[in-house]
Each structure stands twice: as structure tokens, then as C-alpha cells.
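# Survey of secondary and tertiary structure
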Amino acid sequence: MSPTALPSAENVFTWPVRVYWEDTDAGGIVFYANYLKYFERARTEWLRALGIAQSALQQTQGCIFVVSDVQLKYLRSARLDDQLLVTAQPLEMGRSSFTLRQEASLLTADNPDANAAPVLCRATVRIGCVNSQTHKPTRIPGTVLDVLNASAR
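Worth saying up front: this structure is predicted, and the values here are computed from it rather than measured.

The rules behind the values
Think of each chain on its own: its residues are numbered from 1, step by step along the sequence as written. Only residues with pLDDT of 70 or above have their local features reported here, since the model is predicted, and side-chain atom pairs are shown and tallied only from 80 upward, although totals for entire chains, interfaces and linings are computed over all residues. Excluded from the side-chain calculation are hydrogens and water; included are all heavy atoms of the structure. Numbering of helices and strands runs from the N terminus; a helix is a DSSP stretch of H or I covering at least four residues, while a strand is a stretch of E covering at least two. Throughout, radius of gyration means the C-alpha value; the globule benchmark is 2.2 Å times the number of residues raised to the power 0.38. The buried label goes to any residue with under 20% of its type's maximum accessible area, the exposed label to any with over 50%, and the partly exposed label to all in between, with areas taken from a 1.4 Å probe on protein chains only. Here the Shrake-Rupley method, with its probe set to 1.4 Å, supplies the accessible areas, and only the displayed protein chains count as covering residues. In this tally, Asp and Glu contribute negative charge and Lys and Arg positive charge; neither His nor the terminal groups of the chain are included. By convention, the charge on Lys lies at NZ, on Arg at CZ, on Asp at CG and on Glu at CD. Residues belong to a common nonpolar core when they are buried Ala, Val, Leu, Ile, Met, Phe, Trp, Tyr or Cys residues joined through side-chain atoms within 4.5 Å. Any two residues whose heavy atoms approach within 4.5 Å at even a single point are treated as in contact. Pairing of aromatic side chains here covers Phe, Tyr and the six-membered ring of Trp, requires ring centres within 6.5 Å, and sorts the geometry by plane angle: under 30 degrees stacked, over 60 edge-to-face, intermediate tilted. Within this document, salt bridges are pairs made up of a side-chain nitrogen of Lys or Arg and a carboxyl oxygen of Asp or Glu, the two lying within 4 Å of each other.

Bringing the overall build of the chain into the picture now. For the chain, the helix and strand inventory stands at three helices and six strands. Listing every helix and strand of the chain by position from the N terminus yields β-β-α-α-β-β-β-β-α. Here the chain has a C-alpha radius of gyration of 16 Å; the compact-globule value for 153 residues is 15 Å, and the two agree. Dimensions along the principal axes, computed over C-alpha positions, put the chain at roughly 45 × 30 × 25 Å. In the chain, which comprises 153 residues, the share counted as buried stands at 40%. Carbon together with sulfur atoms contributes 50% to the accessible area of the chain, which is approximately 8,600 Å² in total. Across the chain, 15 positive and 14 negative side-chain charges occur, with their mean positions spaced 8 Å apart.

Across soluble globular proteins, nonpolar side chains show a tendency to be buried alongside one another. Core analysis: the largest hydrophobic core is formed by 33 residues, its most contacted members being Tyr35, Trp46, Phe65, Phe98 and Leu148. Elements with a contribution of two residues or more to this core: β2 (13-18), α1 (34-49), β3 (63-74), β4 (83-93), β5 (97-107), β6 (119-131) and α3 (142-151). Apart from residues no more than four positions distant in its own chain, Phe98 is found in contact with Trp46, Phe65, Glu92, Met93, Val125, Arg126, Ile127, Ile140 and Leu148.

This part is about the packing of aromatic side chains. This model, assessed by the stated rule, comprises seven aromatic pairs. Ring centres 6.4 Å apart and planes at 85 degrees place the aromatic pair Tyr32 and Tyr74 in the edge-to-face group. Of this pair, Tyr32 sits in the loop between β2 and α1 while Tyr74 sits in strand β3, and the two are 42 residues apart along the sequence. A relative accessible area of 36% places Tyr74 in the partly exposed class.

The next subject is the pattern of salt bridges. This structure, assessed with the given rule, holds four salt bridges. When the shortest N-O distance is used, the salt bridge between Glu45 and Arg48 registers 3.1 Å. Linking Glu45 with Arg48, this pair stays in helix α1, spanning three residues, or about one helical turn. On the basis of relative accessibility, which here comes to 19%, the residue Glu45 falls in the buried class. The exposure class of Arg48 is partly exposed, given its relative accessible area of 48%. Measuring nitrogen to oxygen at the nearest pair gives 2.9 Å for the salt bridge that ties Glu103 to Arg122. Placement of Glu103 in strand β5 and of Arg122 in strand β6 is noted, with a sequence separation of 19 residues between them. Relative accessible area serves as the criterion here: at 18%, Glu103 is assigned to the buried category.

Worth remembering: the numbers are spatial, not functional.
This is the structure:
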């Protein structure tokens, strides 16, 4: 069974992030790998907002979500104290994996509108479901898949 392409929905989850000193390099610019952390936080909070706690998923269903592929495009730099808005939007759902589009955008006092905020980094992230004991691919539990599919509509 192949993944199901989802409509380009307006259903985009957003999560605010502030850039702290620890996120930056010596020049006060966000270290490139930290965007992956921001995206991870937004994905985790997206799942939590859907009622999917990853710790419970592991304990009750015996599976965990792992990143199997990520593609990033860096467009502009974020700096110390910047307020970012990080998104997670489902692109496609499969039986054992799903793909999200994620963006980190810059919010400013001059431009507080999230829809018009300049995008700093864009990613496509594929998440696989694996057995928590064997770490081999497994199907996403049906109840979880139902929730994920419903959130993408």
C-alpha cells in the first residue's frame, strides 16, 4: 500500500520558539542544526495536541516514531532573541510512516502576522514507526493512524 497524498490543507499546527543564547553560534546566529530541534519540538507538540503522547505510545503500543528522512532548505538566519513560529503540516500518510512539511518563520514587532512572516528554514520530514524493542519498521497502530488522518483533513 502506498502513502496517501493529502490535500494542501490549511490545517497547519504552529508552535512558538524564542531563540536563546544557547541556540546561537559565536556570531549570534542560530546554529544550523538547531532548526532540527525546533522542528522536533513542533512535531512533538503537534502530536500532543492530537492526544498522542509518545511515551504512552511506546509503553502501551510498543512503538516509537523516528525520523527516517529530512530535507532542509535554509533561507535566512535567525538571531539571538528572535521570536519564531514553527509549523507542522501533514503532507502524506502511510501505514507505517508519514511525511510533514515544516517551516520556521520570523515574527517581528513590525510583522506579527504569522501568515506574512518570512520563512527562515523549510523542511520535509518523513517519520517512520518502529517497534520499540526491535527497532524494525512496524505499522502505525490503527487508532493512532485514524487520529493522524483526521488531523490532516
